[in-house]
Amino acid sequence: MKLLELDNPREAIAIGCRLLKLFGLGRDERFKLVYWLQCVAYLAFSIVPRLLVEIEDMVALMRLIAELVFVVYLCLQIMALYCRRRQLYRLVDMLQQCIDIPYSEQIESFLIRSNVKINQSSAAYARFFMCVYVLYCTMSPLASGFVYIRNQRNATGVQEEFIITTEMNLYDLDIRYNPLHYSIYAGLIFVLSAISSLSLCTKDVIDIAAIKTVTLVFGIVTMQIRDLHEQITQERLNRVIKSHSNALSCATQLEQALNLSVLFQFASCSAIWCLMLFYILLMGLDSRVLSVVLLLVIVSIETYAYCMLGSQLTTQGEDLLMALQQLSWYDQPVPIQRQILLMIRRSQTPLILRAGKLFSANVVQFGDIVQKSYSFFLVLKNVF
């Protein structure tokens, strides 16, 4: 697929930028018609129909609440993509400038190999989302096909409900018993799921690739610093200072670009986890829980990816600081000593991926989220 192929091994976040453009959020400042049409369709056929559902029992209520939380989270992420697109493109340009700088042969080889690996993982993640999308859209219609056959053979006249992907009432359509209405509903879910999958895939691919590429830039600076052990000259030191300053600017821009995305991710994942787990507990092993399980898996992968990559970014910053501290700066002329000490001082601030200045994205934070989600789940289980 041309969309997921890498043309230039030095291109920064190539797959993510293509997906962002496909979603209707290109670099130009024109009115984003494709994007806003998707937003209107999602509002009219995903959020409103869920608010029209008549609740009959606790199981339906828990599923509706869990899906509403997920849909609201998805809408927030879609809106956040629009709000932060300029910052994302600015970050891509800054990273591209860092990648285009000429380096030594060893660093150049490491840079190209790592950047290709980042883009390949982005393409693999996009393909994974395609598979999840196909699975999500086909499970319920296939199961409903068997329901239709059983209903046709049923001599008692008691009709079995079709398996619906999400808990909603599609205005005046009888999507639970009427085959034609259910077919319209299945086609609509196909379109809505495409919008959801593309938005989440775009958000994840571009955010994950951005964190990985910023980490790569700091890794390159670390290698440049370690190369100074052989000989510290003013010319070589100036190149390292410029690379270090560019890397810190990229880290600042990364936090600004991902601030909203990580905040919405952490703020909603606990509620999504505990509600969906409680619904699965109430339903047991049933075909109706498969779509919920898929949503649960996606949210878990997203949250863990942010936390794991945030920890890797922090570790890379610590490695850079260690490399600076191991330089024999005390044997150098006073002007060089001052420059190295200034770099050390600037590097002493930890590289932390933050969510709205409230959370830090790291593996420890992920463990805390899991603990809190399980505690809420136990409360729901004991109360109901």
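Keep in mind that what you see is a predicted model, and the values were worked out from it rather than measured.

Undergrad: Quick one: what's the story with helix α10 (residues 363-383), residue by residue and with numbers?
TA: Given 3.6 residues per turn, any residue in an α-helix points the same way as the ones three and four places further on. Taking 1.5 Å as the rise per residue, α10 with 21 residues should run 30 Å; its terminal C-alpha atoms sit 31 Å apart, in good agreement. Those residues of α10 not exposed but buried are Gln 365, Phe 366, Ile 369, Ser 373, Phe 377 and Leu 380. Taken around the axis of α10, the buried residues stretch over an arc of 115°, which confines them to a single face. Seen from the buried face of α10, the exposed residues on the opposite side, beyond 90 degrees, are Val 364, Gln 371 and Asn 382. Two or three places before Val 364, at the opening of α10, Asn 362 has a side-chain oxygen 3.2 Å from that residue's backbone nitrogen.

Undergrad: How would you sum up the packing of helix α5 (residues 105-153) against helix α6 (residues 179-227)? Please name residues and give values.
TA: Interaxial distance between α5 and α6 falls to 9 Å at its minimum, and their mutual angle equals 165°. In terms of axis orientation, α5 runs roughly antiparallel to α6. In this structure, α5 meets α6 at a crossing whose hand is right-handed. Counted by class, the contact of α5 with α6 contains 25 nonpolar, 11 polar and 3 charged residues.

Undergrad: Explain unusual backbone geometry to me, and be specific about the residues and the numbers.
TA: Excluding glycine, residues mostly have negative phi values, and the peptide bonds linking residues are mostly trans. At Ile 13, a position not held by glycine, the phi torsion is positive, near 50°. Among the structural elements, Ile 13 can be located in the segment before α1 (14-22). For Ile 13, a relative accessible area of 3% puts it in the buried group.

Undergrad: I'd like a description of the packing of α1 against α6, backed by residues and values.
TA: It is at 8 Å that the axes of α1 and α6 come closest, and there the two elements cross at 150°. For the element pair α1 / α6, the angle class is roughly antiparallel. Classified by chirality, the crossing of α6 by α1 is left-handed. Facing Ile 15, Gly 16, Cys 17, Leu 19, Leu 20 and Leu 22 of α1, the residues of α6 in contact are Leu 198, Cys 201, Thr 202, Val 205 and Ile 206. Residue composition of the contact of α1 with α6, by class: 9 nonpolar, 2 polar and no charged.

Undergrad: Run through the nonpolar core, naming residues and quoting values.
TA: Within the largest apolar cluster, 121 residues are counted, with the highest numbers of intra-cluster contacts made by Phe 218, Ile 225, Leu 254 and Leu 258. Setting aside residues no more than four positions away along its own chain, Phe 218 makes contact with Ala 247, Leu 248, Ala 251, Leu 313, Gln 316, Leu 320 and Leu 351.

Undergrad: Go over α6, please, and point to the residues and values.
TA: Taking 1.5 Å per residue, 49 residues should reach 72 Å; α6 reaches 70 Å between its end C-alpha atoms and fits that length. The buried count for α6 comes to 37 of 49 residues, which makes it a mostly enclosed element.

Undergrad: Give a description of the packing of aromatic side chains that names residues and reports values.
TA: According to the stated counting rule, one finds 12 aromatic pairs in the structure shown. Here the aromatic rings of Phe 70 and Tyr 73 are separated by 5.9 Å at their centres, their planes lie at 50°, and the arrangement is tilted. You can see Phe 70 and its partner Tyr 73 sitting in helix α3 (residues 58-83), 3 residues apart, about one turn around the helix. For Phe 70, a relative accessible area of 6% gives the class buried. Overall, the relative accessible area of 2% leaves Tyr 73 in the buried class. A ring pair is formed by Tyr 182 and Tyr 185, whose centres lie 5.7 Å apart and whose planes are at 45°; its orientation type is tilted. Of this pair, Tyr 182 and Tyr 185 both sit in helix α6, 3 residues apart, which is roughly one turn of that helix. With relative accessibility at 1%, the residue Tyr 185 sits in the buried group. Chaining the aromatic ring pairs together yields one cluster made of Phe 23, Tyr 35, Trp 36 and Tyr 82.

Cut-offs used in this document
- Residues numbered from 1 in each chain as written.
- Predicted model: local features only at pLDDT ≥ 70, side-chain atom pairs only at ≥ 80, totals over all residues.
- Heavy atoms only, no water.
- Helix = DSSP H or I, 4+ residues; strand = E, 2+ residues; numbered from the N terminus.
- Expected span 1.5 Å × (residues − 1).
- Buried < 20%, exposed > 50% of the residue type's maximum accessible area, 1.4 Å probe, protein only.
- Arc of directions from axis to C-beta.
- Polar contact = N/O pair within 3.5 Å; in protein donor to acceptor, adjacent residues only side chain to side chain.
- Axes fitted to C-alpha atoms, helices over the stretch in contact; angles between N-to-C directions.
- Parallel < 35°, antiparallel > 145°, perpendicular 65-115°, else oblique.
- Left-handed = near helix turned anticlockwise from the far one by under 90°.
- Nonpolar A, V, L, I, M, F, W, Y, C, P; charged D, E, K, R; others polar.
- Contact = heavy atoms within 4.5 Å.
- Core = buried A, V, L, I, M, F, W, Y, C linked by side-chain atoms within 4.5 Å.
- Phe/Tyr/Trp six-rings, centres within 6.5 Å; stacked < 30°, edge-to-face > 60°.

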